[in-house]
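So the chains spell out like this:
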Amino acid sequence: MTVALGELLRELAPQVLGALVRRYGHFDTAEDAVQEALLAAAEQWPVEGVPDSPRGWLITVASRRLTDLLRREQARQRREDRVAQWAPQGEPVGELVRGADDTLVLLFLCCHPSLSPASQIALTLRAVGGLTTTEIARAFLVPEATMTRRITRAKASVKESGARFTVPADREERLGAVLKVVYLIFNEGYASTAGSSLQRVELAAEGIRLARMLHRLLPDDTEAAGLLALMLLTDARRPARTGALGELVPMAEQDRSLWIPELIREGVELITATLPRGPVGPYQLQAAIAAVHDESPSAEETDWPQIVALYEVLLQLTDNPMVALNHVVAVAMARGPDEGLALLGEIEDDDHLAKDHRLAAVRAHLLEMSGDAAAARVAYEEAASRATSVPQQRYLRSRASRL
């Protein structure tokens, strides 16, 4: 199967699944039917050619397979007579072919509020991303059996909630959850929270693909555009974030010639066009901050006062402790480590930050900037002991050793 065909099938998969779930329900069975239709396409299309309406072809094949599966299930339950109500024979395929809107509804369904964030991510990657359970388990460093149970429970929870396959009444609120799930997928790929690798490129790429899809489905939504711009501007630095041995390279020490100019250009153009349209949201502001970093010729020439100003606006919109922590760093870079340390003292009792390695890492960095090497070394060692990512542990321990 060619790369182009694989990309086509991956793009069509959530549309076909959405069409079947909308018409027939039965999330689990519909997904099985879609997988079989995709397998048939992967085998037949390279030989027979791609049909004029690939989506219609897949929906037709998946619908027939779904009918067979439902009949078999009903035969086991001695209720075969109800199959006709679920899958009317001779129904025009065109009635099922909506495409983009079904993908959007499927995203809303996968991010149902009854699910935990971990289940939302897993179900989104499975149903919309098209990743296999094995791939998802590998990405999140859990056994395949564990991920299988998580996805199965997520589907059951959605079914038990009675959710209908339609755009939810609380669309704006649910859209926030969708954007957050896509961002979490990207973040786990860009900066893995555990394991021996700093980055999982395929997971970050999937986050960007889903963000592009959302932006295409919701072209007028400024936060969807902001999220995509943020991901592009962040991912542009990926080639410079690790050294020859996979070690972490902080932004101030990165070789900026390795940054990806095409992603920077696309991200800057997108956020520049989006910000004036309003209303301005957290993802747009974070993208604007990322743009300032990416457009700086060097770490020394970074416009830290502008970054501080953007963070202060962002803090008015969100009480995210990580935003507050990043604001501390920006203030220290713009006004000196003493001001940064004073601000850090105001937020270090936050329950969400107290046990996070990043709090100790920022304290260590500011102490090092202020010239207190002994205290900085202790803080770096504390940060290393709390980090769950092996490359981050090694980096923090190396900073402590240098002191």
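Up top is the structure these notes are about.
So, here's what we can say about the structure. Nothing here was measured: the structure is a model prediction, and the numbers come from that model.

Observations concerning the pattern of salt bridges
- Applying the stated criterion across every chain, the model contains 18 salt bridges.
- Here E253 and R399 are joined by a salt bridge, their closest N and O atoms 3.3 Å apart. Taken together, the residues E253 in the loop between α11 (222-235) and α12 (261-274) and R399 in helix α20 (residues 390-402) connect sequence positions 146 residues apart.
- On the accessibility criterion, E253 (45% relative accessible area) is partly exposed.
- You can call R399 buried: its relative accessible area is 9%.
- Across the pair E382 and R386 runs a salt bridge whose closest N-O atoms are separated by 2.6 Å. Linking E382 with R386, this pair stays in helix α19 (residues 373-386), spanning 4 residues, or about one helical turn.
- Judged by relative accessible area, E382 falls into the partly exposed class, the value being 28%.
- Looking at R386, the relative accessible area reads 29%, which means it is partly exposed.
- Three or more residues joined by partner-sharing salt bridges are found here, namely E348, R363, E382 and R386.

Observations regarding the packing of helix α6 (residues 117-127) against helix α8 (residues 144-160)
- With their axes 9 Å apart at the nearest point, α6 and α8 run at an angle of 95° to one another. With respect to α8, the element α6 is oriented roughly perpendicular. Here A118, S119, A122, L123 and R126 of α6 come into contact with α8, specifically with M147, R150, I151, A154, K155 and V158.
- Here the residues of the contact of α6 with α8 are counted per class, giving 7 nonpolar, 1 polar and 3 charged.

Rules behind the numbers
Residues numbered from 1 in each chain as written. Predicted model: local features only at pLDDT ≥ 70, side-chain atom pairs only at ≥ 80, totals over all residues. Heavy atoms only, no water. Salt bridge = Lys/Arg side-chain N within 4 Å of Asp/Glu carboxyl O. Helix = DSSP H or I, 4+ residues; strand = E, 2+ residues; numbered from the N terminus. Buried < 20%, exposed > 50% of the residue type's maximum accessible area, 1.4 Å probe, protein only. Axes fitted to C-alpha atoms, helices over the stretch in contact; angles between N-to-C directions. Parallel < 35°, antiparallel > 145°, perpendicular 65-115°, else oblique. Contact = heavy atoms within 4.5 Å. Nonpolar A, V, L, I, M, F, W, Y, C, P; charged D, E, K, R; others polar.

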